[in-house]
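Structural overview for review
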Amino acid sequence: MIDWEEIAGAGDEDKLKNAKLWLFQENIRLENERKELEASREKFLNERVRFRRELEELNRCTVQERKRLKEESLFFEKKLAILQDGFRQLEEDRKTLEQQKKALSRVRIQNSNQEELLISEDTVRRLFAGINNSLALRKRYRDLIKIFHPDNLFGDEELVQMINKEYLRRKEEL
């Protein structure tokens, strides 16, 4: 550190010039450092603004992605519920069909003395009981044809004809 009182009191012109030169150089150095500091500060502020924008964009994307995932999850749950309901209905139809098959088997066993099996229209109507839409009607019809087709073990041509008649009658009603 320079003692200015000593230099001013000594009256030495060279020391005074050297002190002034040092002071001038120091002012220049400080001014350059201030400019560099201002440039660094401006750069830092610009980076901060850019990072903030990037963060906002990422947050917006995250929110949109969460919404999409939530919608997909709800859609999946609805699909799953529909499938579970469909499987439940299929299981009920299968059980009903098994019961009807057992009932028909019992009737066949009872008439095992080679008499022709006479099936009433009422029995055929019971095979289609509980059907209230065309999709269920068509499914029941297909299942019954698969079971009672004449080429099958429990097949019966007369029964298939009656099933066909009942199917056509119900199809017209729906």
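The present account deals with the structure reproduced in this document. (Residues numbered from 1 in each chain as written. Predicted model: local features only at pLDDT ≥ 70, side-chain atom pairs only at ≥ 80, totals over all residues. Heavy atoms only, no water.)

Details of the pattern of salt bridges
All told, the structure shown has 17 salt bridges when counted by the stated rule. The salt bridge involving R125 is made with E166; its shortest N-O contact spans 3.8 Å. Note that R125 is positioned in helix α3 (residues 121-127) and E166 in helix α5 (residues 157-173), a separation of 41 residues in sequence. According to the relative accessible area criterion, E166 is buried, its value standing at 6%. A single network of salt bridges, built from pairs that share partners, joins R125, E166, R169, R170 and E173. (Salt bridge = Lys/Arg side-chain N within 4 Å of Asp/Glu carboxyl O. Helix = DSSP H or I, 4+ residues; strand = E, 2+ residues; numbered from the N terminus. Buried < 20%, exposed > 50% of the residue type's maximum accessible area, 1.4 Å probe, protein only.)

Some details on the nonpolar core
Of all hydrophobic cores here, the largest spans 16 residues; its most connected members are V124, L127, F128, L144, F148, L159 and I163. Where this core is concerned, the elements lending two or more residues are α2 (13-110), α3, α4 (134-148) and α5. Setting aside its immediate chain neighbours within four residues, I163 contacts V124, L127, F128, Y141, L144, I145 and F148. (Core = buried A, V, L, I, M, F, W, Y, C linked by side-chain atoms within 4.5 Å. Contact = heavy atoms within 4.5 Å.)

Considering the packing of α4 against α5
Direction vectors running N to C along α4 and α5 enclose 175°, while the axes themselves pass 10 Å from each other. When the axes of α4 and α5 are compared, the pair comes out roughly antiparallel. Contact with α4, carried on its side by L137, R138, Y141, L144, I145 and F148, involves L159, V160, I163, N164, Y167, R170 and K171 of α5 and no other residues of that element. Among the residues forming the contact of α4 with α5, the class breakdown is nine nonpolar, one polar and three charged. (Axes fitted to C-alpha atoms, helices over the stretch in contact; angles between N-to-C directions. Parallel < 35°, antiparallel > 145°, perpendicular 65-115°, else oblique. Nonpolar A, V, L, I, M, F, W, Y, C, P; charged D, E, K, R; others polar.)

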